[in-house]
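Summary of the model geometry
Letter by letter, the chains look like this.
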Amino acid sequence: MKLKLIPVAALLAAVLASPAALAQKKYDPGASDTEIKIGNTNPYSGPASAYGTIGKSIAAYFKMVNEQGGVNGRKINFLSYDDGYSPPKTVEMVRKLVEQDEVLLVFQPLGTPCNTAIHKYMNAKKVPQLFVATGATKWNDPKNYPWTMGWQPNYQTEAQIYAQHILKTKPNAKIAVLYQNDDYGKDYLKGFHDGLGAKQNMIVKEVSYEVTDPTVDSQIVQLQASGADVFFNITTPKFAAQAIRKAYDIGWKPVHYINNVSSSVGSVLTPAGLEKSVGIITTQYGKDPTDPLWKDDPGMKKWVEFMKKYYPDGNLNDASNAYGYSVAQTMVQVLKQAGDNLTRENVMRQAANLKEFVTDLGLPGIKQNTSPTDFAPIESVQLARFDGKTWALFGEVMGK
C-alpha cells in the first residue's frame, strides 16, 4: 500500500478552511492581538474632584487584570483625562480619545452634564459610551442612543423610593429640596415629584445652586426658614458635606435624605462631621466598606487586598473606590464575553447581554441584567441610615 503525501500548502489550506479558523479575530480601532485601548474622562480637579478617585481605582483594577495576564491575553491600555467636570472640556477630551488616540470605547465618563455634552457625538461616531458614571434616566434609551449605556441605578427611580418612604413614614411632612441646577439635579427632582404624585404640595421650598457656587450655606438657611421638617439633599460631594454641616450648625434637624452618589462616608460624611451626619437616609446597591456587616465577606476581603496592593493611597472608607472596582469588574466581564471579536458593535452587543452578573461588592440580591431593549444593568437598591459610624441597611431590596 502506497501512502499518498499531501503537500504542506494543501494541508495548510485545509486547516485554514476549518470552522475554527474561519472564526477570525475581528478588530476595530483600539483593539489588537495584544491590546485593548479604553478611554475615560474624570474630574481629577474642579468642583467634583472628590469623584477623581473613581478613575484612579479603575486604573488600579485594570493594572491588576494586566498583571494577571489581561483579558483573553490582551492588556488593557487605560487612557484617562481630567475634564474638571466641565462639559466643554469633556467634549475636547473625548474627541481626542476617539479621533487621535483611537480608543475602542469610552468607559465611565463621569457626570450627567458632561455625558450629555458627548451623547450625540458618541452615537454619531458609533463608539461605545459605556457604563457612564451617572444615573440619569436617559442613558437607558437603546432605540435612540444604541451606543450609550448606564450602569448604576437611575436617579429618578432612586428619588421615587425616597418619596415613597416619606409618604409611608411621614405623611404630613413639609419637604425642602436642595438641588444642583443642571441635568443631574433636575433628573432627581423629576423622580421625586413623580414619586410624590398627587402629594407634591408637601414640598414647601425648592432651592438650587450652581456648581460654580463657593458654598450652599445661604440655600440651607433659606430652606430652614421654610419650616420644613424633611430635607432632600440632591448634591455632589463637596456641596453635600457643606449642606450637612450647615444644617447641623444652625440647629435645623429635619429628616434628611441624601442621594446615593454623595453618600460616601470617606468623602462626604467625614468632612461634614460624622456626629453631624447621624440619622441621614440614603440608598445603597453595593456593600459599604465602613459597614462591619461585611468584615468577613469574601468579596470585601478581596477588595481590601486589592486596595492595599494596587491603590495603597486610596481611602478604604470611600465608597467611590468600591464603586470604581465594581464597574471595572463589569467592564472586564463584557470584554471576556466579547472574546476575539473586539469590534465596537460586538462590545455593545455583549454589554446588552449581561445575565445575572454579580460583582464582588454588590449587595446580596442585586444582580446585573441587560438586554437589547434594557440598557440599565442595576435596577435595585436598599435604604440605609447612618448611625454615626456606618450605613445601616434597613427594609427590603426595592426596584427590579
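Remember, predicted model here, so these are calculated numbers, not experimental data.

Turning our eyes to something else, we now look at the packing of helix H11 (residues 298-310) against helix H12 (residues 319-338). Packed helix pairs are characterised by how far apart their axes lie and by the angle those axes make with each other. Their axes nearest at 11 Å, the elements H11 and H12 cross at an angle of 100 degrees. Classified by the angle between their axes, H11 and H12 sit roughly perpendicular to one another. Across from Lys302, Trp303, Phe306 and Met307 in H11, the residues of H12 making contact are Asn321, Ala322 and Tyr325. Here the residues of the contact of H11 with H12 sort into five nonpolar, one polar and one charged.

For the rest of this paragraph, the subject is the side chain of Gln284. Looking at the element boundaries, Gln284 is found in strand E10 (residues 281-284). Filtering out sequence-adjacent residues up to four positions away, Gln284 remains in contact with Asn260, Leu363, Ile366, Val381, Gln382, Ala384, Trp391 and Leu393.

Read from one edge to the other, the open sheet built from four strands follows the order E3-E2-E4-E5, with strand pairing classed as parallel. Each edge of the open sheet carries a strand with a single partner, namely strand E3 (75-82) and strand E5 (129-130). As paired elements, strand E2 (residues 35-42) and E3 share eight bridges and run parallel to each other. Across the sheet, Glu35 pairs through a bridge with Lys75, a residue of E3.

Opposite charge on two side chains allows them to pair when their charged atoms are near. For the structure shown, the criterion picks out 14 salt bridges. Two residues, Lys190 and Asp194, come together in a salt bridge whose shortest N-O distance is 2.7 Å. Of the two residues, Lys190 and Asp194 are both situated in helix H7 (residues 183-196); the distance of four residues between them amounts to about one turn of the helix. With relative accessibility at 41%, the residue Asp194 sits in the partly exposed group.

Turning our attention to the nonpolar core. With 82 residues, the main nonpolar core has Ile38, Phe62, Phe107, Phe131, Ile175, Phe192 and Met331 as its most contacted residues. Residue contributions to this core peak at 10 residues, all from H12. Apart from residues lying up to four places away in sequence, Ile175 is in contact with Ile166, Phe192, Leu196, Met202, Ile203, Val204, Lys205, Ala228 and Val230. The next biggest cluster of nonpolar side chains, apart from the first, holds 13 residues, and it includes Val207, Leu223, Phe231 and Ala243.

End to end, helix H3 (residues 52-67) covers 23 Å across 16 residues, agreeing with the expected 22 Å (1.5 Å per residue, within 8%). Most of H3 sits inside the fold, with 12 of its 16 residues counted as buried. Looking one or two residues past H3, Gly69 carries a phi angle of roughly 110 degrees, positive in sign.

With that settled, the discussion passes to the packing of aromatic side chains. Scanning the model with the defined rule gives 18 aromatic pairs in all. Summarising the aromatic geometry, the rings of Phe231 and Trp252 are spaced 5.1 Å apart at their centres and angled 35 degrees between planes, so their arrangement reads as tilted. With Phe231 in strand E8 (residues 230-234) and Trp252 in the loop between helix H9 (237-249) and strand E9 (255-258), this residue pair connects regions lying 21 residues apart in the sequence. As far as the burial class goes, Phe231 and Trp252 line up, both buried. Taken together, the ring pairs in this structure connect Tyr155, Tyr162, Tyr184, Tyr188, Phe192, Phe232 and Tyr257 into an aromatic cluster.

Looking now at the side chain of Gln156. Inspection of the secondary structure puts Gln156 in helix H6 (residues 155-169). Within the structure, Gln156 has its side chain in polar contact with the side chain of Asp187 (distance 2.9 Å). Beyond its immediate stretch of four places on either side in the chain, Gln156 contacts Thr137, Asp187, Lys190, Gly191 and Asp194.

Turning our attention to the pairing of strand E6 (residues 175-180). Among the six residues of E6, six are classified as buried, and the element is accordingly described as predominantly covered. Alternating positions in E6 separate into two faces, Ile175, Val177 and Tyr179 on one and Ala176, Leu178 and Gln180 on the other, with burial throughout. Judged from the five bridges that link them, E6 and E8 form a sheet pairing that is parallel. The residue bridging Val177 from the neighbouring strand is Phe232, located in E8. Pairing analysis gives six bridges linking E6 to strand E7 (residues 203-209), with the strands arranged parallel. By the bridge assignment, Ala176 is partnered in E7 with Lys205. For the crossover that starts at E6, traverses H7 and ends in the parallel E7, the hand is right-handed.

This part takes up H9. For H9, built from 13 residues, the straight-helix expectation of 18 Å at 1.5 Å per residue is met to within 8% by its first-to-last C-alpha distance of 18 Å. By the burial criterion, the buried members of H9 are Pro237, Phe239, Ala240, Ala241, Gln242, Ala243, Ile244 and Ala247. Looking at the buried residues of H9, the elements they touch are E6, E7, helix H8 (217-225), E8, E9 and helix H10 (265-272). Remark: Gly251 follows H9 within two positions and exhibits a positive phi of approximately 80 degrees.

Right, let's talk about the packing of H3 against H11 for a bit. Contact geometry for H3 and H11: axes closest at 10 Å, N-to-C directions at 90 degrees. One way to sum up the angle between H3 and H11 is to call them roughly perpendicular. Contacts from Ser57, Ala60, Tyr61, Lys63, Met64 and Glu67 in H3 reach Phe306, Lys309 and Tyr310 in H11. Looking at side-chain class alone, the contact of H3 with H11 contains five nonpolar, one polar and three charged residues.

Cut-offs and rules
- Residues numbered from 1 in each chain as written.
- Predicted model: local features only at pLDDT ≥ 70, side-chain atom pairs only at ≥ 80, totals over all residues.
- Heavy atoms only, no water.
- Axes fitted to C-alpha atoms, helices over the stretch in contact; angles between N-to-C directions.
- Helix = DSSP H or I, 4+ residues; strand = E, 2+ residues; numbered from the N terminus.
- Parallel < 35°, antiparallel > 145°, perpendicular 65-115°, else oblique.
- Contact = heavy atoms within 4.5 Å.
- Nonpolar A, V, L, I, M, F, W, Y, C, P; charged D, E, K, R; others polar.
- Pairing = 2+ DSSP bridges.
- Salt bridge = Lys/Arg side-chain N within 4 Å of Asp/Glu carboxyl O.
- Buried < 20%, exposed > 50% of the residue type's maximum accessible area, 1.4 Å probe, protein only.
- Core = buried A, V, L, I, M, F, W, Y, C linked by side-chain atoms within 4.5 Å.
- Expected span 1.5 Å × (residues − 1).
- Phe/Tyr/Trp six-rings, centres within 6.5 Å; stacked < 30°, edge-to-face > 60°.
- Polar contact = N/O pair within 3.5 Å; in protein donor to acceptor, adjacent residues only side chain to side chain.
- Right-handed = clockwise from strand over helix to strand, strands pointing away.

Function cannot be inferred from these measures alone, as they are strictly geometric.
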